[in-house]
Amino acid sequence: MKISNRRSSTGGRRMSAVVALSAVLALTATACGDDGSGTGGDKGDEGSGKGEIVFWDNNGGVRTDIWKEVIADFEKANPDIKVEYVGIPSTDYQSKVDTALQGGGLPDVGGVGAAMLAGFAAQNALEPLDDRLAKSALDGKLNEDMVTSLKAAGGGDDTLYSVPTSANNGVLYYRTDLFEKANLDEPTTWDKFYEAAEKLTNAGKNEFGYTIRGGAGSVAQALDAMYGQSGITSFWDAGGEKTTVNDPKNAAALEKYAALYKKVTPAADLNNDFTKMVSQWDSGTIGMLNHNLGSYQDHVKALGTEKFRGIPQPTGPGGKRVQVSNPVDGLGLFKSSKNKEAAWKFIEFAASHESNSKWNESAGAIPANTDAAQDAWISKAEPTKLAATALNDGSTEIVQLPYYLPDWNTISKADNEPNLQKVLLGDMSAKDFLDTMAEQLNEAQAEWNQQKG
């Protein structure tokens, strides 16, 4: 019954994505004629390299100020180009682009991270950037792992559809003042995490040990907690056909993690996306928060640097740290752009040393530009420094999420976030939730393998 319901709601969208993906993989995506509509099949034009371009920010509001600063710098250096900034909340971005892909109105440049890349590329919406990059001053100046990650996410044909700008690793933030007052150890292991979550909770005084993400983006956080505790290091089995999501160890880990809701967390967490969760943590007396490097500056503004730390995720069995991959963010050039030359100049500028450093310092993220990654501010932003070290010193194993699946974003968000809320409320078991998700993932992987083969 679950399968039937799911296919009736998402099957058409998946089949459309698969058909488009087949064209991409076969390298036969010869765009339709330029009808000026700005849809996914519009091949656009190089343009004059001057005039106006439109930029869609995929994390509008949160990053609006720093993007406007970068844009002002760009316009000063390129007085013949004007950039129209459109800030779109991260929770609305995919639907906004999908609507424009069908009805027109795509921007020239947009934020295109790994999680959404496959779906956009499969619909022939993005300009391949390898040749442009090879002729650019950016060539050889971008983090190779981030470039590889985005190529892999783009559909498996080793084409670069998005220039990487940052990596935003997962972080466990904790209130050092509250931990010291309760005489608790730093939550470096999952056992210490659960102990602290319980001891720091006094619901009568509105004090909680943890804030759990139950709204938009909740599935990604749950996956991180699951794999971190289970110690499983691969998303697929040895044959690459069946997901490990519903492995009994993961189900047990999720059951334990979900049981934190309302026991050591605020009830409001059920509907909290990251902005509400971060705001709640910054303004209240909650011991711990799982988010990423992107909220570091928010915490500094709210708490200063003395009342909290941001450390890599806790270690699990045998002292091993396992995290799911956080998507690399980047900038894509939409194929329908009528001024690709000017749009590419903007991407180049945003990913250059000075701009990339400035943007990532504001965001607290790891720069994609290798020169920017050497700048002094990184050693002063402790969570960023620790995250970068954990990724490079061999202490962390990354479970690579299947961003290459055109349906990944739908499966990991719209299809399953409501079910995860049911798990938090006790209306659905962790096993049933994961079995449902695994069925969808295995079907998507089978379709992907068939197209590749």
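Up top you'll find the structure we're talking about.
Residues numbered from 1 in each chain as written. Predicted model: local features only at pLDDT ≥ 70, side-chain atom pairs only at ≥ 80, totals over all residues. Heavy atoms only, no water.

**Student:** Quick question: what am I supposed to make of the packing of aromatic side chains here?
**Tutor:** By convention here, two paired aromatic rings are described through the distance between centres and the angle between planes. Summed over all chains, the structure comprises 22 aromatic pairs. Each ring, one from F55 and one from F346, has its centre 5.3 Å from the other, and the planes form 55°; the classification is tilted. On the criterion of sequence distance, the pair formed by F55 in strand β1 (residues 51-57) and F346 in helix α13 (residues 340-350) is long-range, its members being 291 residues apart. Assigned by exposure class, F55 and F346 land together as buried. When the ring of F235 is compared with that of W408, the centres are 5.9 Å apart and the planes differ by 85°; the resulting orientation is edge-to-face. With F235 in the loop between α9 (218-230) and α10 (248-258) and W408 in helix α17 (residues 408-412), the pair connects residues that are 173 residues apart, well separated along the chain. The same class applies to F235 and to W408, which are both buried. Within the aromatic cluster, the residues linked to one another by ring pairs are F55, W67, F74, Y85, F346, F349 and W359. The residue whose ring lies beneath K256 is Y194, and the NZ or CZ to ring-centre distance is 4.3 Å. (Phe/Tyr/Trp six-rings, centres within 6.5 Å; stacked < 30°, edge-to-face > 60°. Helix = DSSP H or I, 4+ residues; strand = E, 2+ residues; numbered from the N terminus. Buried < 20%, exposed > 50% of the residue type's maximum accessible area, 1.4 Å probe, protein only. Lys NZ or Arg CZ within 6 Å of the ring centre and 35° of its normal.)

**Student:** Any chance you could explain empty space enclosed by the protein here in plain terms?
**Tutor:** The probe, sized like a water molecule, is rolled over the atoms to show the empty space still left. By the definition in use, this model includes three cavities of 30 Å³ or more. By volume, the second largest cavity is sized at about 50 Å³. At the level of secondary structure, the elements contributing two or more residues to the lining of the second largest cavity comprise α9, α10 and α18 (417-425). (1 Å grid on protein atoms, 1.4 Å probe; cavity = no way out; pocket = protein on both sides within 12 Å on 5 of 7 lines; lining within 4 Å. Points joined across faces, edges and corners; volume = space filled by probe spheres on them.)

**Student:** Would you mind showing me how to read the pattern of salt bridges here?
**Tutor:** Between side chains of opposite charge, a pair can form when the charged atoms approach closely. Throughout the structure, instances matching the rule amount to 15 salt bridges. Linking D130 and K151 is a salt bridge whose minimum nitrogen-to-oxygen distance equals 3.5 Å. Linking D130 in helix α5 (residues 130-134) with K151 in helix α6 (residues 144-153), this pair joins segments that are 21 residues apart in sequence. On the accessibility criterion, D130 (25% relative accessible area) is partly exposed. Residue E382 pairs with R309 through a salt bridge whose shortest N-O separation is 2.6 Å. Within this pair, whereas E382 is found in helix α16 (residues 382-392), its partner R309 is found in strand β8 (residues 308-311), the two being separated by 73 residues in sequence. The structure contains a network of salt bridges with shared partners spanning E46, E127, R132 and K340. (Salt bridge = Lys/Arg side-chain N within 4 Å of Asp/Glu carboxyl O.)

**Student:** Sorry, what's going on with the packing of α18 against helix α19 (residues 430-452) here?
**Tutor:** At a minimum axis separation of 9 Å, α18 and α19 run at an interaxial angle of 170°. One element, α18, and the other, α19, form an angle in the roughly antiparallel class. Judged by the sense of rotation from one axis to the other, the crossing of α18 with α19 is left-handed. Contacts between α18 and α19 involve N419, L420 and V423 on the former and, on the latter, A430, F433 and T436. Tallied by class, the residues present in the contact of α18 with α19 amount to four nonpolar, two polar and no charged. (Axes fitted to C-alpha atoms, helices over the stretch in contact; angles between N-to-C directions. Parallel < 35°, antiparallel > 145°, perpendicular 65-115°, else oblique. Left-handed = near helix turned anticlockwise from the far one by under 90°. Contact = heavy atoms within 4.5 Å. Nonpolar A, V, L, I, M, F, W, Y, C, P; charged D, E, K, R; others polar.)

**Student:** So what exactly am I meant to see when it comes to the sheet that holds β8 here?
**Tutor:** Sheet strands associate in pairs through backbone hydrogen bonding, adopting either a parallel or an antiparallel arrangement. Here we have four strands laid out as an open sheet, ordered β6-β7-β5-β8, and mixed in their pairing. Across the chains shown, the open sheet's two edge strands, defined by having one partner strand only, are β6 (208-211) and β8. The average undirected angle you get between the axes of adjacent strands in this sheet is 20°. Where strand β5 (residues 170-175) lies against β8, four bridges are found, and the strand directions are antiparallel. In the sheet register, Y173 faces β8, and the bridge partner there is G310. Helix-sheet contacts for helix α8 (residues 190-199) involve β5, β6 and β7 (286-292), and the interaxial angle to β6 is about 125°. Helix α11 (residues 274-283) rests against β5, β6, β7 and β8 of the sheet, and its axis sits at about 145° to β7. (Pairing = 2+ DSSP bridges.)

**Student:** Can you help me understand the layout of surface pockets in this one?
**Tutor:** Estimated volume of the second largest pocket: approximately 830 Å³. Lining the second largest pocket are 38 residues, with D145, S149, V328, L391 and Q400 positioned closest to its centre. Counting only elements with at least two residues in the lining of the second largest pocket, the list comes to α6, β11 (366-367), α16 and β12 (396-399). The element best represented in the lining of the second largest pocket is α6, accounting for six residues. In terms of residue class, the lining of the second largest pocket is made up of 22 nonpolar, 15 polar and one charged.

**Student:** Quick question: what am I supposed to make of the packing of helix α2 (residues 64-77) against α13 here?
**Tutor:** The description of two packed helices rests on the angle between their axes and on the distance between the axes. Where α2 contacts α13, the two axes come as close as 10 Å, and the packing angle between them is 120°. Taken together, the axes of α2 and α13 are oblique relative to one another. Here α2 runs over α13; the crossing is right-handed. Across the interface between the two elements, W67, V70, I71, D73, F74 and A77 of α2 pack against A342, K345, F346, F349 and A350 of α13. Classifying every residue of the contact of α2 with α13 by side-chain character gives nine nonpolar, no polar and two charged.

**Student:** Looking at this structure, I do not really get the side chain of D329. What am I missing?
**Tutor:** When you line up the elements, D329 lands in strand β10 (residues 329-333). Although D329 is buried, it makes no salt bridge; R63 carries the closest opposite charge, 7.5 Å away. Only 3.2 Å separates the side chain of D329 from the side chain of N58, close enough to count as a polar contact. Not counting the four nearest positions on each side in its chain, D329 is found in contact with N58, V112, G113, L150, V163, P164, T165 and S166. (Lys, Arg positive; Asp, Glu negative; His and termini not counted. Polar contact = N/O pair within 3.5 Å; in protein donor to acceptor, adjacent residues only side chain to side chain.)

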